[in-house]
Amino acid sequence: MTESVIRNKPGMASVKDMPVLQDGPPPGGFAPVRYARRIPNKGPSAMAIFLAAFGAFSYGMYQVGQGNKIRRALKEEKFAARRAILPVLQAEEDERFVKEWKKYLEYEAEVMKDVPGWKVGENVYNSGKWMPPATGELRPEVW
Amino acid sequence: MANVVDAAGEPIPTSSVLMSAAKHIEIKCMPENVEFLKCKKKDPNPEKCLDQGRQATRCALGVLKDLYHRCKDPMEGYVGCMYYYTDEFDLCRKQQQAFEKACPLE
């Protein structure tokens, strides 16, 4: 009933003559819609991009080199300082070692005095060079 | 621990003191140090190089005492900074400049 009320055309003979109620385009049609791709072809070329990347990379590597030079100079300063004070420290340790070694030789003579044919004191290797005593002991109070 | 001299006025050769004065020691004690190293190279036996060692130590301690007498405050500042930062030269640049301005290396 409502359809015929809404879509009524005066002078209708039957329902088959009702005008069609459709949703359609406005008169003249819609405006044309662009659906084609239009990726622009401007901007830097491949060579330009490559040169820019290469430039950034070489600038970075140059800065790395400069930084390495600075760090090497710092390390050189530290090592030069260590080299300068090495004799003082080694001389100190030598004095202490000589004292302890003399004490040890006396102890060895004391212990081995009854052993026949024991040349007390130095009886280390045969090469003639001096080697530090290989006791294998750890002295945590010194280290 | 960051004292340069002990109660009697003798310099204490701790690591911070020695590292702070290392550039001066390098210049002033070069002959003694080189003699000691040559002796060691010839024979690593400690008993053979005691003399050169004593000379090197005497020279270094003399340098420390001399620096302490000439510029006490910058040196104490520098040694204190080195003690705090465990002998890191890069972290004590300010005190190093002050010390080297007061007692220049020649």
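Per an unreviewed UniProt entry, chain B carries the name NADH dehydrogenase [ubiquinone] 1 alpha subcomplex subunit 8-B-like and comes from Durio zibethinus. In its Sequence similarities (unreviewed entry) section, UniProt records this for chain B: "Belongs to the complex I NDUFA8 subunit family."

An unreviewed UniProt entry lists chain A under the name NADH dehydrogenase [ubiquinone] 1 alpha subcomplex subunit 13, with Durio zibethinus as the source organism. Within the UniProt record for chain A, the comment given under Subcellular location (unreviewed entry) is "Mitochondrion inner membrane". Reading the Sequence similarities (unreviewed entry) entry of the UniProt record for chain A gives the comment "Belongs to the complex I NDUFA13 subunit family."

Residue and element names in this part refer to chain B. A rise of 1.5 Å per residue sets the reference length of helix 5 (residues 72-84), with its 13 residues, at 18 Å; its end C-alpha atoms lie 18 Å apart and thus fit the reference within 8%. Among the residues of helix 5, those classed as buried are Met75, Tyr78, Val79, Cys81 and Met82. Looking down the long axis of helix 5, one finds its buried residues gathered within 160 degrees of arc, a one-sided arrangement. For helix 5, the exposed residues lying more than 90 degrees away from the buried face are Asp73 and Tyr84. Considering only its buried residues, helix 5 is in contact with helix 1 (15-20), helix 4 (50-70) and helix 6 (93-102).

Turning next to the nonpolar core. In this structure, Val4(B), Ile25(B), Leu67(B), Met75(B) and Phe99(B) are the most contacted members of the largest nonpolar core, which totals 29 residues. Those elements that place two or more of their residues in this core are helix 2 (46-111) of chain A together with helix 1, helix 2 (22-28), helix 4 and helix 5 of chain B. At 6 residues, the largest contribution of residues to this core is made by helix 4 of chain B. Those residues within four positions of Val4(B) in sequence are excluded, and the remaining contacts are Glu10(B), Pro11(B), Ile12(B), Val17(B), Tyr68(B), Met75(B), Glu76(B) and Val79(B).

Turning to the interface of chain A and chain B, a few remarks are in order. Listed per partner, the contact involves 20 residues of chain A and 25 residues of chain B. Summing the contributions of chain A and of chain B, the shared interface buries around 2100 Å²; its carbon and sulfur component is 70%. The interface formed by chain A and chain B includes 4 salt bridges. Between Glu77(A) and Lys23(B) there is a salt bridge; the shortest N-O distance is 2.8 Å.

Rules and cut-offs
- Residues numbered from 1 in each chain as written.
- Chains lettered and ligands numbered in written order.
- Predicted model: local features only at pLDDT ≥ 70, side-chain atom pairs only at ≥ 80, totals over all residues.
- Heavy atoms only, no water.
- UniProt positions renumbered as here; feature names shortened; annotations may be inferred.
- Helix = DSSP H or I, 4+ residues; strand = E, 2+ residues; numbered from the N terminus.
- Expected span 1.5 Å × (residues − 1).
- Buried < 20%, exposed > 50% of the residue type's maximum accessible area, 1.4 Å probe, protein only.
- Arc of directions from axis to C-beta.
- Contact = heavy atoms within 4.5 Å.
- Core = buried A, V, L, I, M, F, W, Y, C linked by side-chain atoms within 4.5 Å.
- Buried area = accessible area lost by both parts, 1.4 Å probe.
- Salt bridge = Lys/Arg side-chain N within 4 Å of Asp/Glu carboxyl O.

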